[in-house]
Amino acid sequence: MMELHDLLARCLVMIVAVIQISTISSCLGTAVSNEVPAPYLDKYVAKSYFSKHDNLIDSKFEDFVAHDILSGACVSLQDNVEFEPKLSALHRKLIGEGSHRRLSSSFRLKMSLESVSRPPKSCEVIIVERLPSGVFADPFELQHLVQRGVLREAAVFGDTNLELPSFRSNRSLVEVHLETGSNLISEQKDEQEIHTELPLHARYQPLGHGFSRVEFASPDLFLRCNTKGNQHATSCLFSLDKQSAESNDSHPVWEVPCGSREHMEVVSAFTFISAVVSALLIIVASIRYSHDKACNALKQP
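Calculation criteria
Residues numbered from 1 in each chain as written. Predicted model: local features only at pLDDT ≥ 70, side-chain atom pairs only at ≥ 80, totals over all residues. Heavy atoms only, no water. Helix = DSSP H or I, 4+ residues; strand = E, 2+ residues; numbered from the N terminus. Expected span 1.5 Å × (residues − 1). Buried < 20%, exposed > 50% of the residue type's maximum accessible area, 1.4 Å probe, protein only. Arc of directions from axis to C-beta. 1 Å grid on protein atoms, 1.4 Å probe; cavity = no way out; pocket = protein on both sides within 12 Å on 5 of 7 lines; lining within 4 Å. Points joined across faces, edges and corners; volume = space filled by probe spheres on them. Patch = residues over 30% accessible without salt bridge, like charges linked within 9 Å, V, L, I, M, F, W, Y side chains within 5 Å. Areas by Shrake-Rupley, 256 points an atom, 1.4 Å probe, with all protein chains shown as cover. Salt bridge = Lys/Arg side-chain N within 4 Å of Asp/Glu carboxyl O. Disulfide = S-S within 2.5 Å. Contact = heavy atoms within 4.5 Å. Pairing = 2+ DSSP bridges. Nonpolar A, V, L, I, M, F, W, Y, C, P; charged D, E, K, R; others polar.

Draft legend 1. Examining helix H3 (residues 58–69) more closely. In a regular helix each residue adds 1.5 Å, so 12 residues correspond to 16 Å; H3 covers 15 Å between its end C-alpha atoms and thus fits that length. For H3, the full list of buried residues reads Phe61, Phe64, Val65 and Ile69. Each buried residue of H3 sits inside an arc of 95 degrees when the element is viewed along its axis, so together they form one side.

Rendered as structure tokens:
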């Protein structure tokens, strides 16, 4: 009788435990299903754009930022009227010579936090470079900079085929994340100067005379800040207005040399002859190696 009582008690405990687990799982499932991911919460701003579009088109990207990114940004920090991140200066130039250069960007970021009731916990600057046709950024090179701690995050979107010439490739976009200093989000200092250099490479230009002119437009600049809410951390994205910033008022221009049509036949013939001679040398070296190996095998007792 006692054994039957113990068995019934254990069964009752197991049934209660199963009901509790099912209830918890149902609640968790409901919470997850009701959560709608926002584009501005993605790690990369440009990721959502390229999930909808195959190519980079300036007008479509600007509409995407205005309607999908900034319109849905959180308001926990924006409720503080005093929290207004501003871009006070922007200067850009190209560094280096030849087909491998660096796009240098220097800007000053200002945030007034003296009367902010809920200051951000941490912030990062996001630089989006919409590269013109004729240049590209190497994703592997950018990852090396991330591993060395030069950049916080970096990614290339769009046409990432590094071998295609300019007339066969589409445009690409580079997104770089930089950390802001801790003093920028404290009361000690409300302005910080940030400098970065983006390594770029020129694609082969169409045949012609002289140089192909590649002009860089102003980048898209954002500030993403994290703040601790009542229940969970909230990420807020701000667009940095370039209109009111002090600027060198010039778009860097890269003049990439073009191949000459007059030299095309000579270069093609020289390339063909070099390939044939190289192939013959490889064949001769292989035959001699096989012959020497066979002779050595015969000489051995």
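Now that the structure has been shown, the text picks up again.
Draft legend 2. A look at empty space enclosed by the protein. Inspection of the entire model under this criterion finds one cavity of 30 Å³ or more. Put simply, the largest cavity is a space of about 80 Å³. Looking at the largest cavity, the residues that line it are Leu103, Ser105, Ile127, Glu129, Leu142, Leu145, Leu151, Val176, Thr196, Glu197, Leu198 and Pro199. At the level of secondary structure, the elements contributing two or more residues to the lining of the largest cavity comprise strand E2 (100–110), strand E3 (122–130), helix H4 (139–147) and strand E7 (191–202). It is E7 that contributes the most residues to the lining of the largest cavity, four residues altogether.

Draft legend 3. Just a nonpolar patch on the surface, in detail. A contiguous nonpolar surface patch, about 790 Å² in accessible area, is contributed by Phe272, Ile273, Val276, Val277, Leu280, Leu281, Ile283 and Ile287. Of note, Ile273 is situated in helix H5 (residues 264–299).

Draft legend 4. Just the state of the cysteines, in detail. Scanning the model with the defined rule gives one disulfide in all. Between the sulfur atoms of Cys123 and its disulfide mate Cys225 the distance is 2.1 Å. Torsion about the S-S bond of the Cys123 and Cys225 cystine: about 105 degrees, corresponding to right-handed handedness. Remark: Cys225 occurs in strand E9 (residues 220–228) and Cys123 occurs in strand E3; sequence separation between them is 102 residues. Its relative accessible area of 5% is what places Cys123 among the buried residues. Since its relative accessible area comes to 0%, Cys225 is described here as buried.

Draft legend 5. Inspection of the pattern of salt bridges at higher detail. Following the criterion strictly, the structure yields 12 salt bridges and no others. Residue Arg171 is joined to Asp58 by a salt bridge in which the shortest nitrogen-to-oxygen separation is 3.2 Å. Here the residue Arg171 occupies a position in the loop between strand E5 (153–158) and strand E6 (172–179), and Asp58 occupies one in helix H3, the gap between them amounting to 113 residues. Given the relative accessible area of 19%, Arg171 is considered buried. One salt bridge in this structure joins Arg101 and Glu97, with 3.9 Å as the shortest N-O distance. The exposure class of Arg101 is buried, given its relative accessible area of 15%. Residue Glu97 is classed as exposed on the basis of its relative accessible area of 66%. Through salt bridges with shared partners, a single network forms among Asp58, Glu62, Arg130, Arg171 and Asp220.

Draft legend 6. Layout of the environment of Val176. In this fold, Val176 is placed in strand E6. Here Val176 falls in the buried class, since its relative accessible area comes to 6%. Along the sequence, Val176 and Arg152 sit 24 residues apart, while their C-alpha atoms lie 7.6 Å from each other. Excluding residues within four positions of it along the chain, Val176 makes contact with Val125, Ile126, Ile127, Leu151, Glu153, Ala154 and Leu198.

Draft legend 7. Fine view of the sheet that holds strand E1 (residues 86–95). Taken in spatial order, the five strands of this open sheet run E4-E7-E2-E1-E11, and their pairing is mixed. Here the strands that pair on one side only, and so sit at the sheet edges, are strand E4 (135–136) and strand E11 (246–247). The pairing of E1 with E11 spans two bridges and is classified as parallel. Across the sheet, the residue bridging to Leu90 is Ser247, located in E11.

Draft legend 8. The arrangement of the layout of surface pockets in detail. Taken as a whole, the second largest pocket encloses approximately 160 Å³ of empty space. Together, 11 residues line the second largest pocket, and Ser99, Arg203, Tyr204, Val256 and Pro257 are the ones closest to its centre. For the lining of the second largest pocket, the residue count by class is six nonpolar, four polar and one charged.

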